[in-house]
Amino acid sequence: EPEVTQTPSHQVTQMGQEVILRCVPISNHLYFYWYRQILGQKVEFLVSFYNNEISEKSEIFDDQFSVERPDGSNFTLKIRSTKLEDSAMYFCASSGGTALVTGELFFGEGSRLTVL
Amino acid sequence: SQKIEQNSEALNIQEGKTATLTCNYTNYSPAYLQWYRQDPGRGPVFLLLIRENEKEKRKERLKVTFDTTLKQSLFHITASQPADSATYLCALDPVDSSASKIIFGSGTRLSIRP
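It should be emphasised that the depicted structure is a prediction, and the values quoted were computed from it without experimental measurement.

Asker: Account for the overall build of chain B, with residues named and values stated.
Answerer: Within chain B one finds zero helices and eleven strands. In chain B, the succession of helices and strands from N to C terminus is β-β-β-β-β-β-β-β-β-β-β. For chain B, the C-alpha radius of gyration of 14 Å lies close to 13 Å, the compact-globule estimate for 114 residues. Counting only C-alpha atoms, chain B reaches 40 × 30 × 20 Å along its principal axes. In chain B, buried positions account for 47% of the 114 residues. Long-range pairs, those at least 24 residues apart, make up 54% of the contacts in chain B between residues at least 6 apart in sequence. For chain B, the centre of its 15 positive side-chain charges and the centre of its 12 negative side-chain charges are spaced 3 Å apart.

Asker: For the layout of surface pockets, give the residues involved together with the corresponding values.
Answerer: The calculated volume of the largest pocket comes to roughly 560 Å³. Elements represented by at least two residues in the lining of the largest pocket include exactly β9 (88-95) of chain A together with β9 (86-92) and β11 (108-113) of chain B. Looking at which element gives the most residues to the lining of the largest pocket, the answer is β9(B), with three residues. Residue composition of the lining of the largest pocket, by class: eight nonpolar, 13 polar and six charged.

Asker: Lay out the packing of aromatic side chains in plain terms, naming residues and giving numbers.
Answerer: In this structure the tally under the stated criterion is 18 aromatic pairs over all chains. Ring plane angle 50 degrees and centroid distance 5.5 Å describe the contact between Y35(A) and F107(A), whose orientation is recorded as tilted. Of this pair, Y35(A) sits in strand β4 (residues 31-37) while F107(A) sits in strand β10 (residues 106-107); the two residues are 72 residues apart in sequence, bridging distant segments of the chain. The class of F107(A) is buried, set by a relative accessible area of 11%. An aromatic cluster of three or more residues is present, and its members are Y31(A), Y33(A), Y35(A), F45(A), Y50(A), F91(A), F107(A), Y36(B), F46(B) and F104(B).

Reading the values: rules and limits
Residues numbered from 1 in each chain as written. Chains lettered and ligands numbered in written order. Predicted model: local features only at pLDDT ≥ 70, side-chain atom pairs only at ≥ 80, totals over all residues. Heavy atoms only, no water. Helix = DSSP H or I, 4+ residues; strand = E, 2+ residues; numbered from the N terminus. Rg over C-alpha atoms; globule rule 2.2 N^0.38 Å. Buried < 20%, exposed > 50% of the residue type's maximum accessible area, 1.4 Å probe, protein only. Contact = heavy atoms within 4.5 Å. Lys, Arg positive; Asp, Glu negative; His and termini not counted. Charge placed at Lys NZ, Arg CZ, Asp CG, Glu CD. 1 Å grid on protein atoms, 1.4 Å probe; cavity = no way out; pocket = protein on both sides within 12 Å on 5 of 7 lines; lining within 4 Å. Points joined across faces, edges and corners; volume = space filled by probe spheres on them. Nonpolar A, V, L, I, M, F, W, Y, C, P; charged D, E, K, R; others polar. Phe/Tyr/Trp six-rings, centres within 6.5 Å; stacked < 30°, edge-to-face > 60°.

Read these as geometric descriptors, not functional statements.
Structure below.
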């Protein structure tokens, strides 16, 4: 069964460093998303991406964040200068095909980011 | 302000009973509402979707209702099993029905005791 894959599964970084989280969405999907979940808290929407541009973004997704689909298969989230409060699980999701009608999201297993 | 609220942080019930979870929303008019399951340390997994013109949707032991007047969805698991223990999230599209932005409630952690 097709799945969304994310790398790395866990990354530890120093405050102020740049981090890139990578995702390979399901191949025929059209919408791509990043969510984050701080430990013990809710799943929060960051950004959605469609047709090579951002569709929607939340207030969390400020100038420190960027997304890119560099090669038609990968979908990346970059945090330019990490802060302690960026420590969270970051989930990539995709949607498309018949699932696009319903908005059903397929999530990856997440990348845990720890900022020291 | 716009909110999605799930009625309790945790629900603990006896195996075999029906679990009922509640999702309330304010200041939205979603075309549909979704339910997901999340296990610890894992990504959410889609369970069911119900549209605004549907009163009820079933899938095996799961049943979802949607009352657009009350702005509420109920999620039921009948004949509950310990394997049903997880956090259950409701989600909706606050923008339109294009699925460009799906937002989640804070979840209800369900524990089924043998």
